[in-house]
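A closer look at the structure
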Amino acid sequence: MEKEFDSIGVIYESQTINDHTILNPISMARCCSIDEMNYNVEFLGKIGSAFEGNFEDEHISIGFVTKFDELIKKYGSLEEGIARLQNELYPYILVQTSDDVEDIIKTFKVDLFAGEVYKVAEYNLEEDSLNMESEQVDITDVKYFNNLTKKILEKKEKDNNDNENSININMLELDEAIKENIIGQDNTIENVISTIDRNYNIENYRNKTNILLIGPPGSGKSEMFRTISEKINVPITFEDSEQYSATGYQGCSVDEMLVNLYNKANGDLEAAEHGIIVIDEIDKKVTNQKGDVSGDRVLNALLAMMEGSTYRINIGNETHPEYIMFDTSYVTFVLVGAFAELSVKQKGMGINNKLEDNKKYKDITIDDLNKYGFPSQTLRRLSIFRLNELTVDDFVSIMKYSKNSVLLEYTKYAKKKGIKLYINDKAIKKIAEISLKKNIGVSGIKDTLNELLNKAFFEVGTHPDQYSSIKLTEESIDKKPPYTLYKKRKKK
């Protein structure tokens, strides 16, 4: 008989410290009641995260079960209700303590970072009654919370320090490698390198720094971390935010980022737990439209990951699942986005269009990002690094000196065809001006060069040994064709 799920429950990993049960949320699940105390559950993830059966393992439990119809009645839709639950329950831990005299089990919600404690449930064993009212507890009056919190943090720090995962990064070598590829962003490059190196040498995971990297399209945001991935011995995975959803929605579950990082580390869990996750186009998941939870649910799930939580992930497949516990405490998260609406408004169309500056990227504030739709609780846990808008001079330098220069690549291509490509400095500057006006970043250089040279390269390729050189000048760029082809001199 097909199971009928009617509720949402939170899945916790449990451990015992000083006679208290510590519950760390690792996922959310829809469930159906078997009896008063047990639930048959199925994780809401789609790929590789199915789990069915009773939770008999003493290290895992399910709690805070809420009926679908209650969520819909309170929040208007099941999706909104789940998103709100995630926001309320992550990234807190729960502490359960028993009062043997009064036969009462009390459940407290603890924010280890803010130092706040709330009593959220009180179960009377004798009367079989449950009180779910939330009440803040003065932590200074509850000494065992101070000691307990200290022990939890000490254990987590010891486990991670025992891994001996400190990595020595040659910061000077890495700086030079990135700056070979990316022009005009020296200050941000240095900030990023310093942050990554520090993350690999901190002893207290609470001092880890996650990054929000914002800048115009084509300014080097993703390229920076591609270079880093080539130069340091650290697993890095690049994720497109648009393909992800929170657990249970259409699209990949954010938990799969951890699976991808584990695979990048070739199955080395310790290395993966100290890796880097770069999430591109995060601005596509940020919205200021009320009632749109498509981005909120992903950001809420990422918030729990960034603060350090333990996740039960499937490194096998749907047919042969294999589960491991993945701790994100020391993973560095890098959220990347253009946030173009906050920076530049474009007027007109075509090659001579004008740009009206609305706000420079260096002037974008936390308040601006919050008004745009970025949740305050997420922004508080990120260091914001801003890339500069590129100038004509930057474009000229990129063409002439960047290791990834399209112009240098096309010069080498011409040489392979047995010809020389001549472009003088004035022509290079004009190409830079045209490319900048396209407002698509460094990609504009390739687009402009393709427009100017494609026919010339076709002519050379279809008439081998006929031409000796292609020449572009400031004057020729405005003509048709925009180049001059020189034929080889005939031997006498």
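Up top is the structure.
Parameters and conventions
Residues numbered from 1 in each chain as written. Predicted model: local features only at pLDDT ≥ 70, side-chain atom pairs only at ≥ 80, totals over all residues. Heavy atoms only, no water. Buried < 20%, exposed > 50% of the residue type's maximum accessible area, 1.4 Å probe, protein only. Helix = DSSP H or I, 4+ residues; strand = E, 2+ residues; numbered from the N terminus. Arc of directions from axis to C-beta. Polar contact = N/O pair within 3.5 Å; in protein donor to acceptor, adjacent residues only side chain to side chain. Core = buried A, V, L, I, M, F, W, Y, C linked by side-chain atoms within 4.5 Å. Contact = heavy atoms within 4.5 Å. Axes fitted to C-alpha atoms, helices over the stretch in contact; angles between N-to-C directions. Parallel < 35°, antiparallel > 145°, perpendicular 65-115°, else oblique. Left-handed = near helix turned anticlockwise from the far one by under 90°. Nonpolar A, V, L, I, M, F, W, Y, C, P; charged D, E, K, R; others polar. Pairing = 2+ DSSP bridges.

1. Quick notes on helix α13 (residues 406–416)
Residues of α13 that are buried include every one of Val406, Leu407, Tyr410 and Ala414, and no others. Down the axis of α13, the sector holding all buried residues measures 95°, keeping them to one side. Facing away from the buried surface of α13 by more than 90 degrees, the exposed residues are Lys412, Lys415 and Lys416. Sitting at the amino-terminal end of α13 is serine 405, which places a side-chain oxygen 3.2 Å from the backbone nitrogen of leucine 407. Positive backbone phi, at 80°, marks glycine 418, one or two positions downstream of α13.

2. Brief notes about the nonpolar core
Counting 42 residues, the largest nonpolar core has Leu212, Ile282, Phe339, Leu369 and Phe374 as the members making the most contacts within it. Tallying contributions element by element places helix α9 (residues 296–307) first for this core, with 8 residues. Excluding anything up to four places from it in sequence, isoleucine 282 contacts Leu212, Ser241, Leu299, Leu302, Leu335, Val336, Gly337, Phe339 and Phe374. Ranked by size, the runner-up nonpolar core spans 30 residues in total, among them Phe395, Ile423, Val460 and Tyr483.

3. Side note on the packing of helix α5 (residues 186–199) against helix α6 (residues 221–231)
Contact pair α5 / α6: the axes reach a minimum separation of 12 Å and the direction vectors enclose 45°. Here α5 is positioned oblique relative to α6, judged by the angle of their axes. With respect to the hand of their crossing, α5 and α6 are arranged in right-handed fashion. Contacts from Thr188, Ile189, Val192 and Ile196 in α5 reach Met224, Phe225 and Ile228 in α6. Residues of the contact of α5 with α6, tallied by class, amount to 6 nonpolar, 1 polar and no charged.

4. Some points on the pairing of strand β16 (residues 310–314)
Most of β16 sits inside the fold, with 5 of its 5 residues counted as buried. Pairing of β16 with strand β17 (residues 323–327) involves 5 bridges; the strand directions are antiparallel. Its bridge partner lying in β17, arginine 312 is registered against methionine 325.

5. Considering unusual backbone geometry
In this structure, the amide linkage connecting lysine 480 to the following residue, proline 481, adopts the cis form with an omega of -5°. Within the secondary structure, proline 481 sits in the loop between β23 (467–472) and β24 (484–487). Look at asparagine 266: it is not a glycine, yet its phi comes out positive at around 55°. Mapped onto the fold, asparagine 266 is located in the loop between α7 (255–264) and α8 (269–272). Overall, asparagine 266 belongs to the exposed group, its relative accessible area being 72%. Despite not being glycine, aspartate 465 shows a phi value in the positive range, around 65°.

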